[in-house]
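# Structural description and commentary
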Amino acid sequence: MTSKIVLPTPPNPVGSYKAGIIRGGIGFVSGQFPLVDGKLAFTGHVGAELTTDEGFEAARLAGLNVLAQIARLTDQFNTLDGLLRLDGYVASAKGFLDQPAVLNGASDLFAEYLGEQGDHARTAFSVSQLPLNSPIELAVTFAVKS
Amino acid sequence: MTSKIVLPTPPNPVGSYKAGIIRGGIGFVSGQFPLVDGKLAFTGHVGAELTTDEGFEAARLAGLNVLAQIARLTDQFNTLDGLLRLDGYVASAKGFLDQPAVLNGASDLFAEYLGEQGDHARTAFSVSQLPLNSPIELAVTFAVKS
Amino acid sequence: MTSKIVLPTPPNPVGSYKAGIIRGGIGFVSGQFPLVDGKLAFTGHVGAELTTDEGFEAARLAGLNVLAQIARLTDQFNTLDGLLRLDGYVASAKGFLDQPAVLNGASDLFAEYLGEQGDHARTAFSVSQLPLNSPIELAVTFAVKS
């Protein structure tokens, strides 16, 4: 890692599950939110309380937590093969259609931090409500070296 | 399995797909609902027609169907390595934010029934509507022994 | 492939991600829409602007794009083991409950085109809004031969 990006401490789960797990060569990171020091940096819906740019920033913050979880699970990326899929959920105002631009906040971070290992497929969804009133939730699948 | 929990008969799919499948060492269980003897034990939205406790119970019932599907796919858990990920969808009233507490109904069951093999990553979502007017849908990914 | 179905050119991503990726024996196709020649063949919500039959047709068109992406990723299906999971998202009018019938448009296509290799687990969801005002988004996971 030559990136100057500093990863946060990986957040704890908010229920009776693991923050992440690896089995059978495939790893999953539980839904990550734009938490900074345990507190949501943004709340509300993109297209209402939040602009697209703020949504982009929220997606980047959630993406930093994704990377922090993967770092913990893969011995600081030593056993990481690469990302597979990002499921991105955006709490959106009615009629807001620019979820892809919001989620680029996470996708761009993964490219910047991991290079080719950050390449990933993606799904993008608008939802009416996320846990904790978060504007963003990211779920990531990755492969580990065999 | 030393658990005294009795698993139901795994429900059939409600469309032209499989209830579950394993390929390449990874297994997927199709979306499961709180069906008991082919009938939804709960309908409606958590935070409106249903309390959080009823949602928890609905998640546990859907979780029993998940376990029943995995039992069928893994020769009664003999070939199961362990769970990977639970995607939990909660049909929620506007403003209801306690999806994690609802989904603990499934996560706690998996821990109780499978022990360490039940460890899993999780995503939690509120949705405006689920098939059949179900309050809960659970989709589970698992790994099989190589 | 003895099917007479002609696959389209796989659409490009609408953000900073890949249209599909394979790592560790598992492949993911990014969310696919009912795009024909780069333009959505249907827009709006099933149960409002669109009938169930039109939703079925939209799901089939999105499914053709899924197959086109998999063809590109697997050397024209030569390295495909088989499908694993279809996550199907239906932009639905309030009270519309027949998401499974809509998504059969994709599931039936996969069976018709791939035979047993098309067998898959499935999740079905109604969402309030999809990117580009699409009525359908399909995300597919598959396994490759080892």
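Residues numbered from 1 in each chain as written. Chains lettered and ligands numbered in written order. Predicted model: local features only at pLDDT ≥ 70, side-chain atom pairs only at ≥ 80, totals over all residues.

So, on to the overall build of chain A. Regarding its fold elements, chain A presents two helices and seven strands. The globule rule puts the C-alpha radius of gyration for 146 residues at 15 Å, and the 14 Å found for chain A is close to it. The dimensions of chain A, computed from C-alpha atoms along their principal axes, are 45 × 30 × 30 Å. Buried residues in chain A amount to 59% of all 146 residues. Residue pairs in contact within chain A that sit at least 24 positions apart in sequence constitute 80% of those at least 6 positions apart. (Helix = DSSP H or I, 4+ residues; strand = E, 2+ residues; numbered from the N terminus. Rg over C-alpha atoms; globule rule 2.2 N^0.38 Å. Buried ≥ 20, exposed ≤ 12 C-beta atoms within 10 Å, placed from the backbone. Contact = placed C-beta atoms within 7 Å.)

A few words now on the confidence of the model for chain A. Across chain A, the average pLDDT comes to 93, with 98% of residues at or above 70. On the interface metric, ipTM, the complex scores 0.88, and its pTM is 0.92. (pLDDT = per-residue confidence, 0-100.)

Further remarks concern helix H1 (residues 52-73) of chain A. Residues and elements named next belong to chain A. In this model H1 runs 31 Å from its N-terminal to its C-terminal C-alpha over 22 residues, within 8% of the 32 Å that 1.5 Å per residue would give. With 16 of 22 residues buried, H1 lies mostly within the body of the structure. Two residues or fewer after H1 comes Asp75, characterised by a positive phi angle close to 50°. (Expected span 1.5 Å × (residues − 1).)

Moving on, we come to the interface of chain A and chain B. In this assembly, 23 residues from chain A lie in contact with 28 residues from chain B. Every element with two or more residues in the side of chain A that touches chain B is listed here: strand S1 (20-23), strand S2 (26-32) and strand S7 (136-144) of chain A. The dominant element in the side of chain A that touches chain B, judged by the number of residues it contributes, is S2(A), at five residues. Its residues assigned to classes, the side of chain A that touches chain B comprises 11 nonpolar, nine polar and three charged. (Nonpolar A, V, L, I, M, F, W, Y, C, P; charged D, E, K, R; others polar.)

Take the relation of the copies chain A and chain C next. The transformation that overlays chain A on chain C combines an axial shift of 0.0 Å with a rotation of 120°, and the residual RMSD is 0.0 Å. As the rotation angle and translation indicate, the two copies are arranged about a three-fold axis. Interface overlap between copies: only 11% of the residues of chain A at the interface are likewise at the interface in chain C, consistent with a contact formed by different surfaces. (Least-squares fit on C-alpha atoms with pLDDT ≥ 70 in both.)

Least-squares fitting of chain A to chain B yields an RMSD of 0.0 Å, with the transformation described by 0.0 Å of translation along the axis and a rotation of 120°. In this assembly the copies use different faces: only 13% of the residues contributing to the interface of chain A also contribute to that of chain B.

So, about the sheet that holds strand S5 (residues 80-91) of chain C. All names here are of chain C. Strand order in the open sheet formed by five strands is S1-S2-S7-S5-S6, with mixed pairing between adjacent strands. At either end of the open sheet lies a strand with only one pairing partner, and these are strand S1 (20-23) and strand S6 (121-127). Here the average twist between neighbouring strands, direction ignored, is 15°. Judged from the seven bridges that link them, S5 and S6 form a sheet pairing that is parallel. Within S6, the position partnered with Arg85 by the bridge is Ala121. (Pairing = 2+ DSSP bridges. Axes fitted to C-alpha atoms, helices over the stretch in contact; angles between N-to-C directions.)

The next point concerns the sheet that holds strand S6 (residues 121-127) of chain A. All names here are of chain A. Strand order in the open sheet formed by five strands is S1-S2-S7-S5-S6, with mixed pairing between adjacent strands. Where the open sheet ends on each side, the last strands, each with one partner, are S1 and S6. Pairs of neighbouring strands in the sheet enclose a mean axial angle of 15°, with direction left out of account. Taken together, the nine bridges between strand S5 (residues 80-91) and S7 define a ladder with antiparallel strand orientation. Note on S7: the bridge partner recorded for Leu80 is Val144.

Further remarks concern the interface of chain A and chain C. Contact residues are listed per partner, giving 28 residues for chain A and 23 residues for chain C. Mapped by element, the contributors of at least two residues to the side of chain A that touches chain C are S5, helix H2 (99-114) and S6 of chain A. Class assignment for the residues of the side of chain A that touches chain C results in 12 nonpolar, 11 polar and five charged.

A few words now on unusual backbone geometry. Of note in this structure, B:Leu132 is not a glycine but carries a positive phi near 70°. Note on placement: B:Leu132 falls in the loop between strand S6 (121-127) and strand S7 (136-144). You will see that C:Asp37, though not glycine, has its phi angle at about 50°, which is positive. Along the polypeptide, C:Asp37 turns up in the loop between strand S3 (35-36) and strand S4 (39-40).

Residues and elements named next belong to chain C. Helix H2 (residues 99-114) packs onto helix H1 (residues 52-73) with a crossing angle of 40° between their chain directions and a minimal axis gap of 7 Å. Compared by their axis directions, H1 and H2 come out oblique. The two elements H1 and H2 cross, and the hand of that crossing is right-handed. For the pair H1 and H2, contact is made by Thr52, Gly55, Phe56, Glu57, Ala59, Arg60, Ala62, Gly63, Leu64 and Leu67 and by Ala101, Val102, Leu103, Asn104, Gly105, Ala106, Leu109, Phe110 and Tyr113, respectively. The residue makeup of the contact of H1 with H2, split by class, is 12 nonpolar, five polar and two charged. (Parallel < 35°, antiparallel > 145°, perpendicular 65-115°, else oblique. Left-handed = near helix turned anticlockwise from the far one by under 90°.)

On to the pairing of S6(B). Burial analysis of S6(B) places seven of its seven residues in the buried class, the great majority of the element. Crossover strand S5 (residues 80-91) of chain B to S6(B) through helix H2 (residues 99-114) of chain B is right-handed. (Right-handed = clockwise from strand over helix to strand, strands pointing away.)

With that out of the way, let us pick up the nonpolar core. Generally speaking, a soluble globular protein has its nonpolar side chains buried in company with each other. A:Ala62, B:Ala62 and C:Ala62 are the most contacted members of the largest nonpolar core, which totals 144 residues. Excluding residues within four positions of it along the chain, A:Ala62 makes contact with A:Gln32, A:Phe33, A:Pro34, A:Ala106, A:Ile136 and A:Leu138. (Core = buried A, V, L, I, M, F, W, Y, C linked by C-beta atoms within 7 Å.)

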